[in-house]
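Examining the three-dimensional arrangement
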Protein chains: 4
Amino acid sequence: MIIVMNSKTDDADVEKVIQKLHEMGHKVHISKGERRIILGVIGDVENLASVPFYAFNGVEDIIRIVKPYKLASREFKDFSTTIKVKDVIVGGEEVVVMAGPCVVENEKQIFETAHQVKALGAKILRGGAFKPRTSPYSFQGLGEEGLKLLAQAGKEAGLAVVTEVMSVNQIDLVAKYTDILQVGARNMQNFVLLKELGKLKKPILLKRGMSATIEELLLSAEYILSQGNYEVILCERGIRTFENYTRNTLDLSAVPALKGLSHLPIIIDPSHATGRWRLVSPMAKAAIAAGADGLLIEVHLEPKSSLSDGAQTLRLDTFSRLMKELRPIIQAVGREFSTPVECELERMKN
Amino acid sequence: MIIVMNSKTDDADVEKVIQKLHEMGHKVHISKGERRIILGVIGDVENLASVPFYAFNGVEDIIRIVKPYKLASREFKDFSTTIKVKDVIVGGEEVVVMAGPCVVENEKQIFETAHQVKALGAKILRGGAFKPRTSPYSFQGLGEEGLKLLAQAGKEAGLAVVTEVMSVNQIDLVAKYTDILQVGARNMQNFVLLKELGKLKKPILLKRGMSATIEELLLSAEYILSQGNYEVILCERGIRTFENYTRNTLDLSAVPALKGLSHLPIIIDPSHATGRWRLVSPMAKAAIAAGADGLLIEVHLEPKSSLSDGAQTLRLDTFSRLMKELRPIIQAVGREFSTPVECELERMKN
Amino acid sequence: MIIVMNSKTDDADVEKVIQKLHEMGHKVHISKGERRIILGVIGDVENLASVPFYAFNGVEDIIRIVKPYKLASREFKDFSTTIKVKDVIVGGEEVVVMAGPCVVENEKQIFETAHQVKALGAKILRGGAFKPRTSPYSFQGLGEEGLKLLAQAGKEAGLAVVTEVMSVNQIDLVAKYTDILQVGARNMQNFVLLKELGKLKKPILLKRGMSATIEELLLSAEYILSQGNYEVILCERGIRTFENYTRNTLDLSAVPALKGLSHLPIIIDPSHATGRWRLVSPMAKAAIAAGADGLLIEVHLEPKSSLSDGAQTLRLDTFSRLMKELRPIIQAVGREFSTPVECELERMKN
Amino acid sequence: MIIVMNSKTDDADVEKVIQKLHEMGHKVHISKGERRIILGVIGDVENLASVPFYAFNGVEDIIRIVKPYKLASREFKDFSTTIKVKDVIVGGEEVVVMAGPCVVENEKQIFETAHQVKALGAKILRGGAFKPRTSPYSFQGLGEEGLKLLAQAGKEAGLAVVTEVMSVNQIDLVAKYTDILQVGARNMQNFVLLKELGKLKKPILLKRGMSATIEELLLSAEYILSQGNYEVILCERGIRTFENYTRNTLDLSAVPALKGLSHLPIIIDPSHATGRWRLVSPMAKAAIAAGADGLLIEVHLEPKSSLSDGAQTLRLDTFSRLMKELRPIIQAVGREFSTPVECELERMKN
């Protein structure tokens with residue numbers, strides 16, 4: 001940590017800061033320049049996090065040198081984390097596609113979707129049972145009934161499932177039915193929820209908040225990791241900017257950035273990020289080219305009658321085309337992509 | 001609601017949209033221009049919120065004309081809401097100052113602060129017992145012990161109290177000790193929490209999320225109102241922008257904007273917004289000049305030893321000066337400000 | 001300057017950085033911690049600005065300690081700059097209101113406006129002759145004819161005038177007619193223009209760019225100052241954020257921030273910032289309460305027929321009310337406000 | 001265009017708006033709902049752009065339906081524009097890589113770079129002679145000497161060249177030496193410059209401003225097109241957001257968005273966007289996967305001694321690896337990529 005002080009500060013005031021650092025058990029390097037005095041504190045400065053140095057006379061800036069997260073950092077763990085969900089491995093050689101509707105609406109919808117996306121190569125079925133909606137008057141999901149349908153559809157189609165948990169009091173219920181618990185963007189800093197999920201023994205898909213920095217995403221992951229649950233999948237889903245043609249701005253630079261800073265797998269949700277189905281396929285391909293470990297894609301048998309977010313949802317034919325177009329990109333970046341035989345056959349015909 | 005379609009759309013595709021609108025019980029006005037076809041839907045279109053019109057061929061844009069919130073809108077209620085907290089009225093003629101430390105640290109700290117801010121004219125005591133912290137390694141508050149101390153300090157000093165509730169499973173506990181329950185910026189879209197708070201019979205102080213629009217803030221208020229709790233105090237505390245000299249950018253335009261759109265009272269938190277104590281007083285004065293109903297200000301007896309957010313905390317002498325400087329501004333905008341006799345006396349001396 | 005290196009860096013690589021610093025004539029303080037190596041360079045490091053230290057092996061971060069601007073900084077000049085424009089002083093005790101239409105439209109409009117705003121207490125007449133418009137199809141101003149009318153109207157009413165210059169090839173022409181040259185937000189980083197304006201002997205009103213940080217605003221001022229023109233008036237006019245209820249987000253925290261960092265006067269343009277005339281008066285009052293030295297306000301005799309930006313323009317009656325409401329705020333912050341006799345009389349009647 | 005009025009507006013006030021529309025030569029469709037009155041104006045409403053409808057009583061919102069740009073829109077021109085620069089075609093089947101240093105520093109540097117990037121498959125040589133720098137104290141380029149060196153290096157290596165023009169008074173000089181004139185992000189709304197460039201008969205590379213929307217980028221292109229120069233290449237180079245790990249946030253969604261809205265070619269600058277060389281290659285690959293027509297990449301023989309932006313500059317070996325990795329991505333999206341024989345040979349060896 002570096003503490004920058006004005007060079008006109010009284011010696012007594014400089015001394016007070018130094019004394020505080022000594023009290024907390026730290027050695028201090030002092031460099032006096034013409035315009036600034038710099039105090040360098042080396043080593044493990046975690047116990048200084050809550051000392052309000054800005055309140056001392058003459059202090060102009062406090063600069064952290066070491067990252068504030070540990071368990072999530074690549075320095076802590078040099079090789080990439082892989083997470084096994086049933087027979088699927090997230091973060092390994094294979095690119096994993098998670099697909100399904102925004103919301104579980106009824107048995108027919110989720111069962112048919114499950115079979116179709118499985119046939120096209122998806123490995124994990126997504127679908128919301130509890131939906132965070134900006135307006136209290138929007139449809140908020142089927143609740144436990146939705147969870148049951150999702151779990152059954154996944155089982156029948158041979159797919160693992162992922163669904164959102166919105167609150168601590170839903171954890172037990174959701175965990176009973178799902179293979180991966182998703183934390184939505186609006187809950188990325190719901191720290192009570194994160195801590196409880198850290199005590200679970202199931203993978204967590206943690207979505208980046210709309211206005212969260214990459215560092216804050218990793219600190220939220222750290223909340224889960226620090227409680228003992230090491231299976232966290234990061235997910236970039238668009239950040240909020242001034243641009244309003246797209247719903248959010250998909251920050252694909254976060255992929256190589258997170259790969260450098262952390263060992264956790266990272267997947268991309270191009271559906272929520274763009275809010276426009278025409279942009280989903282190009283951005284899905286771009287995500288893989290940038291190095292993402294997987295995709296989370298909204299697919300609906302009949303977007304026109306979907307109960308939520310139809311504007312960004314792919315129809316099956318568009319999703320099928322995307323899955324074919326992904327393959328050469330995946331190969332180009334040296335990753336793997338397993339597609340079921342039916343799909344292979346169809347591919348050869350095309 | 002307006003649906004904009006491309007003028008080259010097939011008649012059959014236009015007809016499909018019109019048919020859907022008819023099915024949902026709506027009349028449609030059709031205007032065909034050279035470049036666009038416009039379908040106008042008049043009246044109560046709430047049942048259309050979940051119809052994904054973007055998924056229909058030819059649809060280019062969907063424009064809502066009526067605001068998506070109702071109970072929070074000035075159209076629903078023409079006069080301003082006042083909220084009585086003990087003997088204090090928020091949203092009335094008087095400007096209300098809520099002051100206290102970021103976190104309740106110990107008995108001495110909170111009791112002394114309570115007496116001092118009371119003497120200087122604050123009406124409500126603030127102090128965190130459960131603190132949302134970006135890092136899992138930061139001090140997170142004293143929990144119930146903090147709540148007890150806060151309640152006792154408020155009682156002894158004759159101040160109502162406000163403190164944050166972070167999760168549904170804390171509501172009962174927090175409500176037992178506090179007069180106002182605060183929802184933090186990071187929980188503004190924790191919809192499960194909002195709904196449960198809507199069933200309470202205590203005022204809620206709802207902070208705007210760092211990346212929430214004014215409309216989203218009002219929709220979150222609507223979640224609480226729609227459950228029957230009409231006592232919501234809105235709080236602007238800075239939004240996230242590219243500027244990094246200040247921690248966040250205090251959006252004071254939100255004050256007159258919210259006053260025009262809603263009947264709910266609005267207060268300003270200049271401490272969290274700026275993150276720098278030197279900016280707190282100027283922005284507190286600006287907030288009142290812009291029409292805010294009150295202020296939420298961090299005050300600490302000894303910022304240098306505070307366990308949280310010392311950089312933005314006012315010392316008692318600075319807070320005292322601010323309270324004096326506020327008075328003429330408050331008078332200038334035609335509001336009232338009751339200050340206790342001791343303070344008046346001191347004021348006359350100065 | 002601080003250079004942060006990974007503690008696993010080879011000694012040879014650390015040595016290369018140190019050697020480079022020595023070559024450039026600097027002493028280096030080295031602190032080796034468990035996780036980071038820190039190289040501190042003290043003194044005048046301007047010659048290091050263009051050395052790409054990030055390209056050296058092991059370098060993780062480069063942290064500037066001293067601000068990159070000099071002449072604009074409060075450290076360079078301890079007392080506040082005042083700028084005399086005809087008989088008006090900007091940056092002194094008095095709050096200065098600059099008012100007038102967005103665009104000079106015709107003789108009648110600008111002459112009547114000049115007399116009216118003068119009568120109500122404005123000191124400087126604003127009006128555009130060259131208008132930067134987002135669309136090439138919008139009205140772009142009267143050019144030299146507009147400059148002439150503005151200058152004559154100002155002269156007749158006894159007001160100094162301010163108008164925008166958009167390009168180096170307009171400087172001579174604009175300078176011939178105006179007392180202050182305005183650089184618009186879109187040109188804040190038009191460095192060729194800034195340099196040329198630095199050679200002029202007339203005050204420059206420099207508007208903050210929509211996405212410019214406070215530091216970048218001061219660096220743009222530095223461009224002008226470094227050429228020898230020390231009369232720069234800073235102007236905050238809203239920054240671009242995700243909020244879309246207002247056209248931009250007025251960053252009033254910039255007022256106390258700039259007052260702390262720089263000696264230059266700062267004025268606020270609440271008209272362009274909010275884009276809604278109902279928000280102009282509250283934000284004008286807030287600006288003064290925050291410590292601004294003046295205001296730039298759009299006033300039109302008949303906003304409904306204005307050729308530009310009518311939505312944010314005050315009518316004369318609204319402007320008159322604002323001028324009255326400003327007085328007690330100005331007094332509350334200890335500043336002065338000179339209003340002509342007519343206005344005083346009218347004020348007494350009210 | 002749609003004008004939304006409050007349903008409580010007096011009939012006389014509604015009538016005034018309608019009358020104004022009639023005066024301007026437009027037919028009006030009126031729909032009265034319970035909460036809003038909607039006036040629909042069909043057809044070519046360009047003459048309404050400057051009518052300040054917000055200034056009329058009762059007007060709540062004004063909604064444009066037709067895009068404000070014409071010549072840049074895909075509706076105006078259905079097939080994609082291709083731009084021939086010497087023997088290179090931008091916007092055609094082939095992906096075009098423009099590479100070179102940020103700044104032309106000396107003869108050796110630019111000549112060697114030109115030959116090397118040519119050998120590796122770049123088609124256009126980039127290099128700055130006039131550099132817009134945030135600080136007046138940074139190196140600002142060699143001026144005409146730089147232009148000459150760039151032109152000679154391009155000629156000798158058989159590469160077209162692109163360089164930035166910062167001001168109207170530089171146009172003639174820059175146009176004399178370069179094949180493509182670049183407008184930098186800070187000048188995207190320098191409308192005087194855009195208009196003059198519209199009179200030129202050379203291609204313009206127009207960079208998106210840091211806080212410009214996609215619509216504003218197209219409006220700036222419209223400035224150039226409307227003067228008769230139809231050869232505009234759009235360039236996304238990162239927008240300003242709250243994220244500060246990367247210098248800017250590369251908005252790759254702009255690629256498919258612009259492809260849908262406009263017929264103009266679009267290229268990506270991953271160097272300036274990310275500001276970190278480790279992120280350049282992943283984002284370059286992602287850009288191509290998203291559908292970009294080309295790349296603008298900073299390459300330096302020796303980044304450690306570069307005079308500008310070394311942090312984001314690729315060394316030749318990294319650039320060489322990127323060019324190889326791009327090929328399969330380019331093929332995967334069905335585009336072409338011509339690489340010279342030397343490179344092919346080297347590729348086979350690897």
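Read on for a plain summary of the structure.

Rules of the game
Residues numbered from 1 in each chain as written. Chains lettered and ligands numbered in written order. Predicted model: local features only at pLDDT ≥ 70, side-chain atom pairs only at ≥ 80, totals over all residues. Heavy atoms only, no water. Helix = DSSP H or I, 4+ residues; strand = E, 2+ residues; numbered from the N terminus. Buried < 20%, exposed > 50% of the residue type's maximum accessible area, 1.4 Å probe, protein only. Contact = heavy atoms within 4.5 Å. Areas by Shrake-Rupley, 256 points an atom, 1.4 Å probe, with all protein chains shown as cover. Lys, Arg positive; Asp, Glu negative; His and termini not counted. Charge placed at Lys NZ, Arg CZ, Asp CG, Glu CD. Least-squares fit on C-alpha atoms with pLDDT ≥ 70 in both. Phe/Tyr/Trp six-rings, centres within 6.5 Å; stacked < 30°, edge-to-face > 60°. Lys NZ or Arg CZ within 6 Å of the ring centre and 35° of its normal. Patch = residues over 30% accessible without salt bridge, like charges linked within 9 Å, V, L, I, M, F, W, Y side chains within 5 Å. Salt bridge = Lys/Arg side-chain N within 4 Å of Asp/Glu carboxyl O. Buried area = accessible area lost by both parts, 1.4 Å probe. Polar contact = N/O pair within 3.5 Å; in protein donor to acceptor, adjacent residues only side chain to side chain. Pairing = 2+ DSSP bridges. Axes fitted to C-alpha atoms, helices over the stretch in contact; angles between N-to-C directions. Parallel < 35°, antiparallel > 145°, perpendicular 65-115°, else oblique. Left-handed = near helix turned anticlockwise from the far one by under 90°. Right-handed = clockwise from strand over helix to strand, strands pointing away. Disulfide = S-S within 2.5 Å.

Once that is clear, we can look at the overall build of chain A. A tally of regular secondary structure across chain A gives eleven helices and 14 strands. Within the span of chain A, comprising 350 residues, buried residues form 65% of the whole. Long-range contacts, defined here as pairs at least 24 residues apart, represent 68% of the contacts in chain A between residues at least 6 apart. Here chain A has roughly 12,100 Å² of accessible surface; of this, 49% comes from carbon and sulfur atoms. Across chain A, the centroid of the 45 positively charged side chains sits 3 Å from that of the 43 negatively charged ones.

So, about helix H7 (residues 254–261) of chain C. Burial within H7 of chain C is extensive, with six of its eight residues counted as buried. Burial in H7 of chain C covers these residues: Ala254, Val255, Pro256, Ala257, Leu258 and Leu261 of chain C. Elements in contact with the buried residues of H7 of chain C: helix H9 (277–290) of chain B together with helix H6 (214–225), strand E12 (232–236), strand E13 (266–268) and helix H9 (277–290) of chain C.

Screw-axis analysis of chain C against chain B gives a translation of 0.0 Å along the axis, an RMSD of 0.1 Å, and a rotation angle of 180°. Taken together, the rotation angle and the small translation identify this as a two-fold axis. No C-alpha of chain C lies nearer the rotation axis than that of alanine 286 of chain C, which sits 2.0 Å from it. A shared interface surface links the copies, since 100% of the contact residues of chain C are contact residues in chain B too.

Residue and element names in this part refer to chain A. Considering all chains together, one arrives at eight aromatic pairs over all chains under this definition. When the centroid spacing of 5.8 Å and the interplanar angle of 35° are considered together, the rings of phenylalanine 53 and phenylalanine 56 count as tilted. Like phenylalanine 53, the residue phenylalanine 56 is buried in the burial classification. Here arginine 276 stacks its cationic end above the ring of tyrosine 245, 3.8 Å away from the centre of that ring.

Bringing the relation of the copies chain C and chain D into the picture now. Relating the two copies of this chain is a rotation about some axis coupled with a shift parallel to it. Superposition of chain C onto chain D requires a rotation of 180° combined with a translation of 0.0 Å along the rotation axis, giving an RMSD of 0.1 Å. Comparing contact sets, 100% of the residues at the interface of chain C also lie at the interface in chain D, consistent with an isologous, same-surface contact.

With that out of the way, let us pick up a negative patch on the surface. Taken together, Glu107, Glu144, Glu145 and Glu156 of chain A make up a surface patch of like negative charges. Relative to the assigned elements, glutamate 107 of chain A resides in helix H2 (residues 107–119).

Of the residues lining the interface, 33 residues belong to chain C; the matching set on chain B comes to 33 residues. Between chain C and chain B, the buried area comes to about 2,600 Å², and carbon and sulfur atoms account for 75% of it. The interface formed by chain C and chain B holds two salt bridges in total. Run the count over chain C and chain B and you get four residue pairs in polar contact (both at pLDDT 80 or more). Element by element, the count of residues in the side of chain C that touches chain B is highest for H9 of chain C, at seven residues.

Another point: the pairing of strand E1 (residues 2–6) of chain B. All names here are of chain B. The buried fraction of E1 amounts to five of the five residues, a majority that puts the element mostly inside the structure. The two faces of E1 match: Ile2, Val4 and Asn6 on one face and Ile3 and Met5 on the other face are all buried. Relative to strand E4 (residues 59–63), E1 is paired through four bridges, and the arrangement is antiparallel. Across the sheet, residue isoleucine 2 finds its bridge partner in E4, namely isoleucine 63. Sheet analysis places E1 next to strand E3 (residues 36–41), joined by five bridges and oriented antiparallel. Of the residues in E3, the one forming a bridge with valine 4 is isoleucine 38.

Before going further, it helps to examine the sheet that holds strand E10 (residues 180–183) of chain C. Residue and element names in this part refer to chain C. If you trace the eight strands once around the closed barrel, you get E7-E8-E9-E10-E11-E12-E13-E14, paired in parallel fashion. Here the strands of the sheet are splayed against their neighbours by 25° on average, with no regard to which way each runs. Two strands pair when backbone bridges link them, and strand E8 (residues 124–126) and strand E9 (residues 160–164) are joined in this way by three bridges, in the parallel orientation. Among the inter-strand pairings, arginine 126 is bridged to a residue of E9, identified as valine 162.

The next subject is the sheet that holds strand E14 (residues 294–298) of chain B. Residues and elements named next belong to chain B. Taken in spatial order, the eight strands of this closed barrel run E7-E8-E9-E10-E11-E12-E13-E14, and their pairing is parallel. Geometrically, the sheet is characterised by an average inter-axis angle of 25° between neighbouring strands, direction not taken into account. In the sheet, strand E7 (residues 96–100) pairs with strand E8 (residues 124–126) via two bridges, with the strands oriented parallel. Within the sheet, the bridge partner assigned to methionine 98 lies in E8 and is isoleucine 124. Across the sheet, helix H10 (residues 316–332) touches E7 and E14, and the angle it forms with E7 is around 175°.

Tallied over the entire structure, the rule returns 74 salt bridges over all chains. Between lysine 207 of chain B and aspartate 269 of chain B there is a salt bridge; the shortest N-O distance is 2.7 Å. With lysine 207 of chain B in strand E11 (residues 204–207) and aspartate 269 of chain B in the loop between strand E13 (266–268) and helix H8 (270–274), this pair connects stretches of sequence that are 62 residues apart. Neither residue differs from the other here; lysine 207 of chain B and aspartate 269 of chain B are each classed as buried. With its nearest N and O atoms 3.9 Å apart, the salt bridge here joins lysine 86 of chain C to aspartate 179 of chain C. Linking lysine 86 of chain C in the loop between strand E5 (83–85) and strand E6 (88–90) with aspartate 179 of chain C in the loop between helix H4 (171–177) and E10, this pair joins segments that are 93 residues apart in sequence.

Counting from both sides, the interface comprises 46 residues of chain C and, opposite them, 48 residues of chain D. Together chain C and chain D conceal approximately 4,200 Å² of surface at their shared face, both sides included; 55% is due to carbon and sulfur atoms. Inspection of the region where chain C meets chain D yields two salt bridges. For the salt bridge of glutamate 216 of chain C with arginine 240 of chain D, the shortest nitrogen-to-oxygen distance reads 2.6 Å. At the boundary of chain C and chain D, one finds 17 residue pairs in polar contact (both at pLDDT 80 or more).

Quick look at the packing of helix H2 (residues 107–120) of chain C against helix H10 (residues 316–332) of chain C now. For any two helices packed against each other, the geometry comes down to the angle between their axes and how far apart the axes lie. All names here are of chain C. Taken N-terminus to C-terminus, the directions of H2 and H10 make an angle of 25°; their axes are 10 Å apart at the nearest point. Taken together, the axes of H2 and H10 are roughly parallel relative to one another. Here H2 and H10 pass one another in a crossing that is right-handed. From H2, Gln116, Val117 and Leu120 reach across to H10, where they touch Leu316, Phe319, Ser320 and Met323.

Here lysine 86 of chain B, not a glycine, exhibits a phi torsion of approximately 50°, which is positive. What makes lysine 86 of chain B partly exposed here is its relative accessible area of 49%.

Residue and element names in this part refer to chain C. Burial along E10 is two-sided: Ile180 and Gln182 facing one way and Leu181 and Val183 facing the other are all buried. As paired strands, E9 and E10 are joined by three bridges and run parallel to one another. Each residue of the ladder has a partner; that of valine 162, found in E10, is isoleucine 180. Bridge count for E10 against strand E11 (residues 204–207) is three bridges, and the pairing is parallel. What sits directly across from valine 183, in E11, is leucine 206. This β-α-β element, E10 to helix H5 (residues 191–197) to E11, shows right-handed connectivity.

So, about the environment of arginine 186 of chain A. Structurally, the position occupied by arginine 186 of chain A is in the loop between strand E10 (180–183) and helix H5 (191–197). Given a relative accessible area of 23%, arginine 186 of chain A falls into the partly exposed group. As for arginine 186 of chain A and glycine 209 of chain A, which are separated by 23 residues in sequence, their C-alpha atoms are 5.9 Å apart. Those residues in contact with arginine 186 of chain A that lie beyond four places of it in its chain are Thr134 and Met210 of chain A together with Arg186, Gln189 and Phe191 of chain B. Among the polar contacts listed, one links the side chain of arginine 186 of chain A to the side chain of glutamine 189 of chain B, at a separation of 2.8 Å.

Next up on the list: the state of the cysteines. Residue and element names in this part refer to chain C. A complete count under the given rule lists zero disulfides over all chains for this structure. With no disulfide partner, cysteine 235 has as its closest neighbouring cysteine sulfur the one in cysteine 102, 13 Å distant. For cysteine 235, a relative accessible area of 0% translates into the label buried.

No statement about biological role is implied by the geometric values presented.
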